Every structure is written in structure tokens, then in C-alpha cells.
Amino acid sequence: MTQTTPTTPVPPAAPVTTAPAANAVLRVPPAPPAAAAAYFSASLAFHADVSDVAAALAAGGDPGFVVLDSRSTESWDQGHIPGAIHLPTALIPEEAPRLLDPSVPVVTYCWGPGCNGATRAALALAELGYQVKEMLGGFEYWAREGFGYETWEGARKRDADPLTAPLGTDDCGC
């Protein structure tokens, strides 16, 4: 004999009505303030700005971190940040222990915003136990903001690009 279990009738679902977003920006609403604060706080723990790195290096003395160029030798020769350590990403597992002090934070960079080489280098270093940040903008923004760099031919410096750096002042107001 088959038994049946009585069921409770399920009322029909209420129609879902949502007002269309005013624009694509608000189609997905902003995060709650606490979530946004956590996200942006974490972002600053992982990233460094080109101008901040340049200011720390220019202040003289020990900035408390080392700068690591994760690009190829050809790219390094084309231009690199003075004082940076050259360590291509593929060589990090075998060479980092010889070149880097694990107690000193590392700031990685590659070509620029269109390249994730600095991200891969930062990941490789973090997996080895290093404290690491990625320099946003990479070498491209270092040069575009008018900071000096070295090439295989010697020192170079470009005028600051007014689309990336303020002219006539070191303070962008950020």
C-alpha cells in the first residue's frame, strides 16, 4: 500500500519588480561601506603607487623595501628603476633566496598596466614567504610621471606626461 503525505499548498510567487538601474554604473549597486572599506584597505596592502615608491626612494636612506624588476634582460636594458633588483619571474624560485632578504618587503614591477608580470612575480614571491606589493603602473608610469631611469646606455629622464602627473609640483593631491 502506498502512503501519501499531505502537502501544504504553496502560494504563487509574488512577481519580482525591480526598477531599472539609472545607468550601467548603478546596475550593480555599490558595496556597503564596511565591505568597501575592507576591500580598499586590502588593496592598499597589496599595491603601491609609482609616486609613493619614487618619493620613498628619493627621501634617502633605507626606504624599508626593495624594488624588483620582473622583466626580461632585454626589457631591463631598455629601461629600469635605479637601484632595482633585476629578477625575471621565471627565475624567482631559484634566485630569490640568494638575492632577497626575506625580512625586507619587496615591491614588484613590470612594463605597465597592460602587463601582469608584476602580479605573477608578486605571487611567486608570496608563495616563497616574502612580503610583497605590486607597483601599479609599472615601468611605463614610472617614466611617464617623469622619474629618472637607467638604460644600457646610461641615465634617462622624460618630461612628466600631464595626463599622468601634475606639472610643476610633486603633490598630486591624492
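Residues numbered from 1 in each chain as written. Predicted model: local features only at pLDDT ≥ 70, side-chain atom pairs only at ≥ 80, totals over all residues. Heavy atoms only, no water.

**Some words on the overall build of the chain**
1) Next: In terms of regular secondary structure, the chain is built from six helices and seven strands.
2) Next: Overall, the chain shows an N-to-C arrangement of helices and strands of α-β-α-β-α-β-α-β-α-β-α-β-β.
3) Next: Within the chain, buried positions represent 30% of all 174 residues.
4) Next: Contacts in the chain between residues far apart in sequence, at least 24 positions, make up 61% of those at least 6 positions apart. (Helix = DSSP H or I, 4+ residues; strand = E, 2+ residues; numbered from the N terminus. Buried < 20%, exposed > 50% of the residue type's maximum accessible area, 1.4 Å probe, protein only. Contact = heavy atoms within 4.5 Å.)

**Quick look at the pairing of strand S4 (residues 106-109)**
1) Next: Side chains Val106 and Thr108 of S4 all project onto a buried face; the interleaved residues Val107 and Tyr109 project onto the opposite face, where all are buried too.
2) Next: Across four bridges, the pairing between strand S2 (residues 66-69) and S4 is parallel. Note that in S4 the partner of Val67 across the bridge is Val107.
3) Next: Relative to strand S5 (residues 132-136), S4 runs parallel, the two being bridged by three bridges. Bridge assignment links Val107 to a residue of S5, and that residue is Lys133.
4) Next: Each parallel crossover has a hand, and for S4 linked through helix H5 (residues 117-127) to S5 it is right-handed. (Pairing = 2+ DSSP bridges. Right-handed = clockwise from strand over helix to strand, strands pointing away.)

**Side note on the side chain of Thr151**
1) Next: With respect to the secondary-structure elements, Thr151 resides in strand S6 (residues 149-151).
2) Next: A polar contact of 2.9 Å, which involves the side chain of Thr151, links it to the backbone nitrogen of Glu153.
3) Next: Ignoring anything within four residues of it in the chain, the contact list for Thr151 reads Asp77, Gln78, Gly79 and Arg156. (Polar contact = N/O pair within 3.5 Å; in protein donor to acceptor, adjacent residues only side chain to side chain.)

**A closer look at the pattern of salt bridges**
1) Next: Counted according to the given criterion, the structure contains five salt bridges.
2) Next: Notably, a salt bridge pairs Arg144 with Glu140, separated by 3.1 Å at the nearest N-O pair. Of this pair, Arg144 and Glu140 both sit in helix H6 (residues 138-144), four residues apart, roughly one helical turn.
3) Next: By relative accessible area, Arg144 is classed as buried at 18%.
4) Next: Note on Glu140: relative accessible area 33%, which makes it partly exposed.
5) Next: In this structure, a network of salt bridges that share partners links the residues Glu140, Arg144 and Asp161. (Salt bridge = Lys/Arg side-chain N within 4 Å of Asp/Glu carboxyl O.)

**Notes on the side chain of Glu95**
1) Next: If you trace the backbone, Glu95 turns up in helix H4 (residues 92-99).
2) Next: A distance of 2.5 Å separates the side chain of Glu95 from the side chain of Arg98, its partner in a polar contact.

**Considering the environment of Ser43**
1) Next: Counting through the fold element by element, Ser43 comes out in helix H1 (residues 33-46).
2) Next: Along the sequence, Ser43 and Lys133 sit 90 residues apart, while their C-alpha atoms lie 9.7 Å from each other.

**Thoughts on the sheet that holds S2**
1) Next: Taken in spatial order, the five strands make up an open sheet running S1-S5-S4-S2-S3, and their pairing is parallel. For this open sheet the edge positions go to strand S1 (47-49) and strand S3 (85-86), each flanked by a neighbour on one side alone.
2) Next: Note: S2 against S3, two bridges, orientation parallel. Note that in S3 the partner of Asp69 across the bridge is His86.

**Some remarks on helix H2 (residues 50-58)**
1) Next: Residues of H2 that are buried: Val50, Val53 and Ala54. Down the axis of H2, the sector holding all buried residues measures 100 degrees, keeping them to one side.
2) Next: Its buried side turned inward, H2 meets S1, S2, S4, S5 and H6.
3) Next: Capping the start of H2, Asp49 holds a side-chain oxygen 2.8 Å from the backbone nitrogen of Ser51, two or three residues further along.
4) Next: Looking one or two places after H2, you find Gly60, whose phi comes out positive at around 85 degrees. (Arc of directions from axis to C-beta.)

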